[in-house]
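Per-entry structural report
Here is what each chain is made of, one letter per residue.
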Amino acid sequence: MKTFCGRANPTTGALDWVEESEEYDYHQEIARSCYADMLHDHDRNEKYYQGIRAAVARVKARGEKVVILDIGTGTGLLSMMAVTAGADFCYAVEVFKPMAEAAQRIVEKNGFSDKIKIINKHSTDVTVGPEGDMQMKANVLITELFDTELIGEGALPSYEHAHQNLVQDGCEAVPHRATVYAQLVESELLWSWAQLQPVEVEGARCLVPPPDVGRCAGAHSVCDIQLSQVSPNSFTPLGPLCTMFRVDFSKPVSSAFQSHSSQFVAQSSGRAQVVLSWWDLDMDPSGSIVCTMAPSWTYPQPKMGPWRDHWMQSVYFLPVESRVTEGEELSLTVCHDDYSLWYSLRSPPSRPCCTCQAHLVWTRPRFGELNDRQRTESYVSALRSVLREDSVCLSVSDGSLLPVFARMLGAKKVLCVELLEMRPDQLTSNDLGEQISVLMGEPYFSTSLLPWHSLFFWYCRTALAGLLRPSATILPCSATLHMVAVEFQDLWRIRAPCGTCEGFDVTPMDEMVQQSLDFRESREAEPHPLWEYPCRALTQSTAIMTFDFTQCVPQQPISSQGLLIGCCHGVALWMEYHLTNDITVSAGLIGPISEQGDCEWSRHRKQGVYFFRSPWESSGDGRAAVSYSFTFEPSSGDIKMDFSIESQ
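Residues numbered from 1 in each chain as written. Predicted model: local features only at pLDDT ≥ 70, side-chain atom pairs only at ≥ 80, totals over all residues. Heavy atoms only, no water.

Take the overall build of the chain next. What the chain contains, in helices and strands, is 15 helices and 35 strands. Computed over C-alpha atoms, the radius of gyration of the chain comes to 27 Å, within 12% of the 26 Å expected from 2.2 N^0.38 for 648 residues, which places it in the range of a compact globule. Overall, the C-alpha framework of the chain stretches about 90 × 65 × 50 Å when taken along its three principal axes. Residue burial in the chain is summarised as follows: out of 648 residues, 55% are buried. By sequence separation, contacts in the chain at least 24 residues apart represent 76% of the contacts at least 6 residues apart. Taken as a whole, the chain presents about 27600 Å² of accessible surface, with 49% of it coming from carbon and sulfur. Within the chain, the 80 negative side-chain charges are centred at a point lying 2 Å from the centre of the 51 positive side-chain charges. (Helix = DSSP H or I, 4+ residues; strand = E, 2+ residues; numbered from the N terminus. Rg over C-alpha atoms; globule rule 2.2 N^0.38 Å. Buried < 20%, exposed > 50% of the residue type's maximum accessible area, 1.4 Å probe, protein only. Contact = heavy atoms within 4.5 Å. Areas by Shrake-Rupley, 256 points an atom, 1.4 Å probe, with all protein chains shown as cover. Lys, Arg positive; Asp, Glu negative; His and termini not counted. Charge placed at Lys NZ, Arg CZ, Asp CG, Glu CD.)

Along its sequence, the chain is carved into domain 1 (3-33), domain 2 (36-144), domain 3 (178-364), domain 4 (372-475) and domain 5 (479-646). Just the C-alpha atoms count here: the centres of domain 2 and domain 5 sit 38 Å apart. With 20 residues of domain 2 at the interface, the matching set in domain 5 holds 14 residues. When domain 2 packs against domain 5, close to 1600 Å² is buried across both sides, 74% of that on carbon and sulfur atoms. Area buried by domain 2 at its contact with domain 5 is led by Leu-39, His-40 and Lys-109, which between them contribute 33% of it. Across the contact surface, domain 2 and domain 5 share zero salt bridges. Sorting the residues of the side of domain 2 that touches domain 5 by element identifies α2 (35-39), α3 (42-61), α4 (77-84) and α5 (97-109) as the ones contributing at least two each. Ranked by residues supplied to the side of domain 2 that touches domain 5, first place goes to α5 with six residues. (Domains from an automatic or database assignment. Buried area = accessible area lost by both parts, 1.4 Å probe. Salt bridge = Lys/Arg side-chain N within 4 Å of Asp/Glu carboxyl O.)

The next thing to look at is the packing of α3 against α4. Where α3 meets α4, the closest approach of the two axes is 9 Å, and the angle between their N-to-C directions is 40 degrees. Between α3 and α4, the angle falls in the class oblique. Crossing hand, α3 versus α4: right-handed. Across the interface between the two elements, Arg-44, Asn-45, Tyr-48, Tyr-49, Ile-52 and Val-56 from α3 touch Leu-77, Leu-78, Met-81, Ala-82 and Thr-84 from α4. The class makeup of the residues in the contact of α3 with α4 is eight nonpolar, two polar and one charged. (Axes fitted to C-alpha atoms, helices over the stretch in contact; angles between N-to-C directions. Parallel < 35°, antiparallel > 145°, perpendicular 65-115°, else oblique. Left-handed = near helix turned anticlockwise from the far one by under 90°. Nonpolar A, V, L, I, M, F, W, Y, C, P; charged D, E, K, R; others polar.)

With respect to burial, strand β6 (residues 138-143) is a largely interior element, six of its six residues being buried. Sheet topology note: the strand β3 (residues 67-71)/β6 ladder contains four bridges and is parallel. From the neighbouring strand, Ile-71 faces β6, where its bridge partner is Thr-143. Of the pairings in the sheet, the one linking β6 to strand β7 (residues 167-174) comprises four bridges and is parallel in character. (Pairing = 2+ DSSP bridges.)

In this section: the sheet that holds β7. Note: strands within a sheet are paired through backbone hydrogen bonds, in either parallel or antiparallel orientation. Pairing in this open sheet of five strands is parallel, and the strands run β5-β4-β3-β6-β7 from one edge to the other. Edge positions in the sheet fall to β5 (116-119) and β7, since each has one partner strand and no second. Strand-to-strand twist across the sheet, computed as the mean angle between neighbouring axes with direction ignored, equals 25 degrees. Sheet contacts for α3: β6 and β7; angle to β7, the most-contacted strand, approximately 145 degrees.

Another aspect to go through is the sheet that holds strand β18 (residues 329-336). Pairing within the open sheet is antiparallel, and its three strands lie in the order β14-β18-β19. Each edge of the sheet is formed by a strand with only one pairing partner; in this case those strands are β14 (258-265) and β19 (341-345). Put simply, the sheet's adjacent strands are angled 20 degrees from each other on average, direction ignored. Both β14 and β18 contribute to a ladder of eight bridges, which runs antiparallel. Bridge pairing in β18 places Val-265 opposite Glu-329.

Turning next to the pattern of salt bridges. The full count for this structure, using the stated rule, is 24 salt bridges. Between Glu-321 and Arg-271 there is a salt bridge; the shortest N-O distance is 3.7 Å. Here Glu-321, found in strand β17 (residues 313-324), pairs with Arg-271, found in strand β15 (residues 270-282); they are 50 residues apart in sequence, far enough to count as distant. You can call Glu-321 partly exposed: its relative accessible area is 35%.

Okay, the side chain of Asp-337 next. Inspection of the secondary structure assignment puts Asp-337 in the loop between β18 and β19. Residue Asp-337 is classed as buried on the basis of its relative accessible area, which comes to 14%. There is a polar contact of 2.9 Å between the side chain of Asp-337 and the backbone nitrogen of Tyr-339. At 3.0 Å, the side chain of Asp-337 and the side chain of Arg-351 are in polar contact. Those residues within four positions of Asp-337 in sequence are excluded, and the remaining contacts are Ile-151, Leu-156, Ser-255, Phe-257, Trp-342 and Arg-351. (Polar contact = N/O pair within 3.5 Å; in protein donor to acceptor, adjacent residues only side chain to side chain.)

With that settled, the discussion passes to the environment of Tyr-91. Inspection of the secondary structure assignment puts Tyr-91 in strand β4 (residues 89-93). Of the residues examined, Tyr-91 reaches a relative accessible area of 5% and is grouped as buried. Contacts of Tyr-91, omitting those with residues within four sequence positions, involve Val-67, Ile-68, Leu-69, Asp-70, Lys-117, Ile-119, Asp-133, Met-134, Gln-135 and Met-136. Engagement of the side chain of Tyr-91 in a polar contact is seen with the backbone nitrogen of Gln-135, the distance being 3.0 Å.

Counting 131 residues, the largest nonpolar core has Leu-69, Phe-146, Leu-281 and Tyr-343 as the members making the most contacts within it. Take this core: its biggest share by element is seven residues, from β15. Ala-358, Val-392, Leu-439 and Tyr-628 belong to the second-largest nonpolar core, a separate cluster that totals 80 residues. (Core = buried A, V, L, I, M, F, W, Y, C linked by side-chain atoms within 4.5 Å.)

Now the structure itself:
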């Protein structure tokens, strides 16, 4: 059955009514999931397997039958490991129906149907007894309920319920315990994602944030990133790596509020701003089998650190920055409820809450973008070159500082359209008072996901055409969509089929994911912050198409075709905005590609990534080519892309 769904179009700003299959939402969930990433994580799988073997052996040594409860089984991989290790029976719980069905097919394909029962329920709904989902309580509890913050997926309530209702007292648990670590640091880079900094606009004139913004504790949410891609040169440790708390999963677990403190002596002077955090899993009681989330720069050989995207590292911003002095005794406190953590230094550990509204409007990358001095200088220089004493300016962007910059630079009148409150086509000449001489935008819109969604500025400019002076300046005057073929160091894993994982056939999962990708997603690019995911450029940057903002959106499509030579995982796509004829701001590559193909990407915007099903296979003389075709459809604002492999 199909239904009509209203979807806000991020490019045109219109509400589009589209016909969608009732299966669309779960296909999208599967296509964008990280199941493949987890199965490609050999370090995780190996450590789990070792821990499971050890737990099964300990139960058997006591002369007991081994009954497993596997919560969040996913593909059933851990249950199959348990049966292979000698478990007598496994109850594998999976709440997501498509995944539970795939797990059933995988279990059958590997010949474990008689020893593994897939239960398609939330673990808190599972019953025990002769007529229940489980005939008896388990004596081994296996789970993979963790996220980057450890407890953000509800691990604590699930463990709490399992110990009360589903497992025996004194059960074995894999993992056995988790340990959370934290380190206090000073970092101008990371702090720029939390607080708006003073901005120098015109000589000695400086834009200073309002006091309530500076005093605000910020949003209560973790910033999860690939900390391995943040150079140690970008921060100064103010203290040692602290063990904040441990959770023993083999014993009853509480989801109630708790706080833990760690005392240490400051090892250097500086501004306490940020807490870096990650966790380890001990797969056995002795702690001899450890799966760590530590960033790669903590390893003696950083390249030996395992890569994973389903578990990263956490950055927490302190409510206020404070000075610390080398040798000072400090106490770092972490608090957690059933789903989240927060940190404090010296001050009482109250939950952070945004009181200035800015943290509710601007994301962490957006704060970083607004604090980017080089980027600000480009916009200020561009504005200075186009503004006159009689300039009447209209800004079209979400939460932009451009209106303030324009006024500080001497514009006669500055108006601002906040798209969250008013659409441009609702403006009239009565609202403005006089015609606009400078229409400006970064452009930035909170609804944008893919690079070309910012073309909403073009549609706004078109809607406002009747309110502009004939000689009006449009800033930026144009934008160009760029593309480069890339070979990812690790990101390719999230879309690569697994086939066999640790000796088990998981092709039904591959087929399920591919079916969902074929439903729609494989024909679309997806957003990724490429500064977190190293890749090697295999071609030079190519300008695919240019959008002229000095003109209205055309009636006819814009098309582009060409060839890319090489062998790659896919292409990266981004926009470059031409503020004036000689000032350009890139939302993608921010430096030249090195001879080795190394790329430096903007930290502020996500780039588009179009993954190919498999890397191109070289043939003949070792060369291959992909022909590409891009078409911009003005009616929908979509950019349709098509790629086909050709032998050279």
